[in-house]
Amino acid sequence: MNKNLRKAVIAGNWKMNKTRPEAKALIEELKPLVAGADCGVVICVPYTNLETALEATKGTNIAVGAENCHWAESGAFTGEISAAMLKELGVQYVVIGHSERRQYFGETDVTVQKRVRAALDAGLQVILCIGELLEQREAGITEEIVGMQTKVALGGVTEAELKNIILAYEPVWAIGTGKTATAQQANEVNHYIRTVVEGLYGKAAADAITIQYGGSMNAKNAEELLDQPDVDGGLIGGASLKAPDFAAIVKAASR
Ligand code: 13P
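Note that the structure is predicted; figures quoted are calculated from it, not measured.

Criteria and cut-off values
- Residues numbered from 1 in each chain as written.
- Predicted model: local features only at pLDDT ≥ 70, side-chain atom pairs only at ≥ 80, totals over all residues.
- Heavy atoms only, no water.
- Near = heavy atom within 4 Å.
- Polar contact = N/O pair within 3.5 Å; in protein donor to acceptor, adjacent residues only side chain to side chain.
- Areas by Shrake-Rupley, 256 points an atom, 1.4 Å probe, with all protein chains shown as cover.
- Nonpolar A, V, L, I, M, F, W, Y, C, P; charged D, E, K, R; others polar.
- Helix = DSSP H or I, 4+ residues; strand = E, 2+ residues; numbered from the N terminus.
- Contact = heavy atoms within 4.5 Å.
- Expected span 1.5 Å × (residues − 1).
- Buried < 20%, exposed > 50% of the residue type's maximum accessible area, 1.4 Å probe, protein only.
- Pairing = 2+ DSSP bridges.
- Axes fitted to C-alpha atoms, helices over the stretch in contact; angles between N-to-C directions.
- Right-handed = clockwise from strand over helix to strand, strands pointing away.
- Phe/Tyr/Trp six-rings, centres within 6.5 Å; stacked < 30°, edge-to-face > 60°.
- Lys NZ or Arg CZ within 6 Å of the ring centre and 35° of its normal.
- pLDDT = per-residue confidence, 0-100.

## Considerations on the site of the ligand
1) Next: By nearness alone, every residue bordering the ligand is listed as Asn13, Lys15, His98, Glu170, Ala174, Ile175, Gly176, Gly215, Ser216, Leu235, Gly237 and Gly238.
2) Next: Asn13 is positioned such that a nitrogen or oxygen atom in its side chain is 3.0 Å from an oxygen atom of the ligand.
3) Next: Glu170 is positioned such that a nitrogen or oxygen atom in its side chain is 2.9 Å from an oxygen atom of the ligand.
4) Next: Considered on its own, the ligand offers 300 Å² of accessible surface; in the complex 95% of this is hidden by protein.
5) Next: Split by residue class, the shell around the ligand holds 3 nonpolar, 7 polar and 2 charged.

In structure tokens:
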């Protein structure tokens, strides 16, 4: 990555894993391993673990995020959590538009845009996920797909607000499959996404935005991926559930 322009951010996405005692134990193990890291460190955890995580990370360099939020301020939306509720807890980040939300819970580019708006309005920092399916890559339309996802999700986001957004390129075929994009594939798409941001907001904004890669990033392949000029960090699933593995990725980003 271009360290002169951007600071790397390594974010864990725990997905639907860890009870509260398990979460506490993982964070306690992680804290000393990532203390003093020269990159941003974030853990995005299930709603039920947010308070535990906030308490356990107090006074550390680990920031806490949620994995989703609803677009409405409040109301009759059974099972949903608002951005204001997260903010009030002390949560700093929220993942929006993860491919698992899109695949299994009917999330669309339009609902992603609404959630991004709500999160920004509540004062949260957004980790906005985009990425193509395998058949889309095979059809040669990766750029069209990630370009459209980016443009729709950022609809209505001002240049000033862009500072509160991290983009995460996660090719769906690489998530949880052990099938990582090559460093070159990751860089190519991240670079393309940066050109889309440049088209919308200009070069300075495009140079400044953090664009992560996510999809089977682990302790072994992190260094090569993070060495790419347009890969500014990672969104880590499976490997974020093991403190030594996550810490190794943080270390790779801190070099
Ligand atoms: P894995 O690292 O388990 O492939 O998951 C990536 C991901 O979806 C992070 O949001």
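Now that the structure is up, let's keep going.
## Points about the environment of Gly97
1) Next: Within the fold, Gly97 resides in the loop between strand 4 (93-96) and helix 4 (99-104).
2) Next: Expressed as a C-alpha distance, the spacing of Gly97 and Lys58, which sit 39 residues apart in the sequence, is 28 Å.
3) Next: Excluding anything up to four places from it in sequence, Gly97 contacts Arg102, Val112 and Cys129.

## Considering helix 5 (residues 109-122)
1) Next: Helix length check: helix 5 (14 residues) gives 20 Å between terminal C-alpha atoms against 20 Å at 1.5 Å per residue, within 8%.
2) Next: What helix 5 keeps buried is the set Asp109, Thr111, Val112, Arg115, Val116, Ala118, Ala119 and Leu120.
3) Next: Elements in contact with the buried residues of helix 5: helix 3 (83-89), strand 4, helix 4, strand 5 (125-130), helix 7 (142-153) and strand 6 (165-169).
4) Next: In the segment just after helix 5, Gly123 is the residue with positive phi, at about 90 degrees.

## Remarks on the side chain of Asp109
1) Next: Within the fold, Asp109 resides in helix 5.
2) Next: Residue class for Asp109 comes out buried when judged on its relative accessible area of 16%.
3) Next: Of the polar contacts made by the side chain of Asp109, one reaches the side chain of Arg102; its length is 2.6 Å.
4) Next: Residues in contact with Asp109, not counting those within four places in the same chain, are Arg102, Met148, Gln149 and Val152.

## Some points on the sheet that holds strand 4
Within a sheet, each strand pairs with its neighbour through backbone hydrogen bonds, oriented either parallel or antiparallel.
1) Next: Spatial ordering of the closed barrel is given by 1-2-3-4-5-6-7-8, a layout of 8 strands whose pairing is parallel. Shown here is a sheet whose adjacent strand axes are inclined to one another by a mean of 25 degrees, direction ignored.
2) Next: Looking at chain direction, strand 1 (residues 9-13) and strand 8 (residues 233-236) are connected through 4 bridges and run parallel. In the strand pairing of strand 8, Ile10 is matched with Gly234.
3) Next: Strands in contact with helix 7 are strand 5 and strand 6; relative to strand 5, the strand with the most contacts, it is inclined by about 155 degrees.

## Regarding the pairing of strand 2 (residues 40-44)
Side chains on a regular strand alternate between the two faces of the sheet.
1) Next: The element strand 2 is largely enclosed, with a buried count of 5 among its 5 residues.
2) Next: For strand 1 and strand 2, the ladder comprises 5 bridges, and the chain directions are parallel. Each bridged residue has a counterpart across the sheet, and for Val9 the counterpart in strand 2 is Gly40.
3) Next: As for the winding sense of the linkage, the β-α-β connection from strand 1 through helix 1 (residues 20-34) to strand 2 is right-handed.
4) Next: As judged from the 4 bridges shared by strand 2 and strand 3 (residues 62-66), these two strands associate in the parallel manner. The residue of strand 3 that forms the bridge with Val41 is Ile62.

## Here we look at the packing of aromatic side chains
Where two aromatic rings form a pair, the distance of their centres and the angle of their planes describe that pair.
1) Next: Per the counting criterion, the structure on display carries 2 aromatic pairs.
2) Next: Centre to centre, the rings of Tyr104 and Phe105 are 6.4 Å apart; their planes meet at 90 degrees, and the pair counts as edge-to-face.
3) Next: The ring of Phe105 carries the charged tip of Arg101 above its face, separated from the ring centre by 4.2 Å.

## Quick word on the confidence of the model for the protein chain
1) Next: With 98% of its residues at a pLDDT of 70 or more, the protein chain shows a mean pLDDT of 96.
2) Next: For the protein chain, the element scoring lowest by mean pLDDT is helix 6 (residues 134-138), at 95; strand 3 scores highest, at 99.

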